[in-house]
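Listed below, chain by chain, are the residues.
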Amino acid sequence: MEPPSRHAGTDIIIEDARWRFSVPDTERAIRRALTAVARQGGPDFSRSPAPSILLSTDRIVKRLNARFRNKNKPTNVLTFEPVSPIHGGDIILGYETVRKEADAAHRSMRAHLSHLVVHGALHLAGYDHYQPGEARDMEGVETRTMRQLGFGDPWRQAGRRA
């Protein structure tokens, strides 16, 4: 495991080296995503505590998902609310699931990582997607943020809504 990287208040821990090979300048991609989401009405981590980002493996994400969500399977991203006012929460991503999703959607790992960091940051800001109206609002912010970053609509695949 590499030591945390301190960038713009965000601790970035890259636990699995495959992230660095798949997303050159990984920390910069994460910082850009967090900055862009603030410009679209998401959390502004220059004014509030920034989240910690852990780029890990499906094995670790599965373990955390089972322990804290009672779902014994990996997922692409987990978010954990701040434990105190001086902590910004946690965003944890599993490499294998993120890689499979990026490949299936014909997206770069940089684009998919950026999208999932935006998605996690919005969850930490109180956005959710369990109800249709909530989902529409959250997806709208995600789409605008991804376009600002120079990527396409993360919810469109081959001309269709995903």
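Just so you know, these numbers come straight off a predicted model, no measurement behind them. (Residues numbered from 1 in each chain as written. Predicted model: local features only at pLDDT ≥ 70, side-chain atom pairs only at ≥ 80, totals over all residues. Heavy atoms only, no water.)

Right, let's talk about the UniProt feature "binding site: Zn(2+)" (unreviewed entry) in the protein for a bit. As annotated in UniProt, the feature "binding site: Zn(2+)" (unreviewed entry) corresponds to His-119, His-123 and His-129 in the numbering used here. None of the other annotated residues line the largest pocket; only His-119, His-123 and His-129 do. For His-119, the location among the structural elements is in helix H5 (residues 109-124). The residue His-129 is located in the loop between H5 and helix H6 (132-148) in this model. Here His-129 is in contact with His-119, His-123, Glu-134, Ala-135 and Met-138, once residues within four sequence places are set aside. A polar contact is formed between the side chain of His-129 and the side chain of His-119, at a distance of 3.4 Å. (UniProt positions renumbered as here; feature names shortened; annotations may be inferred. 1 Å grid on protein atoms, 1.4 Å probe; cavity = no way out; pocket = protein on both sides within 12 Å on 5 of 7 lines; lining within 4 Å. Helix = DSSP H or I, 4+ residues; strand = E, 2+ residues; numbered from the N terminus. Contact = heavy atoms within 4.5 Å. Polar contact = N/O pair within 3.5 Å; in protein donor to acceptor, adjacent residues only side chain to side chain.)

Turning next to the layout of surface pockets. In this model, the largest pocket occupies a volume close to 690 Å³. For the largest pocket, the lining is made up of 28 residues, of which Thr-75, Asn-76, Val-77, His-119 and His-129 are closest to its centre. Residue contributions to the lining of the largest pocket peak at five residues, all from H5. (Points joined across faces, edges and corners; volume = space filled by probe spheres on them.)

Tracing the backbone shows Ser-22 in helix H1 (residues 18-22). In terms of polar contacts, Ser-22 uses its side chain to reach the side chain of Arg-99, at 3.3 Å.

Quick look at the environment of Lys-62 now. Note on placement: Lys-62 falls in helix H3 (residues 58-69). Overall, Lys-62 belongs to the partly exposed group, its relative accessible area being 33%. Lys-62 sits eleven residues away from Lys-73 along the chain, and the two C-alpha atoms are 4.8 Å apart. Setting aside its immediate chain neighbours within four residues, Lys-62 contacts Lys-71, Asn-72, Lys-73 and Pro-74. (Buried < 20%, exposed > 50% of the residue type's maximum accessible area, 1.4 Å probe, protein only.)

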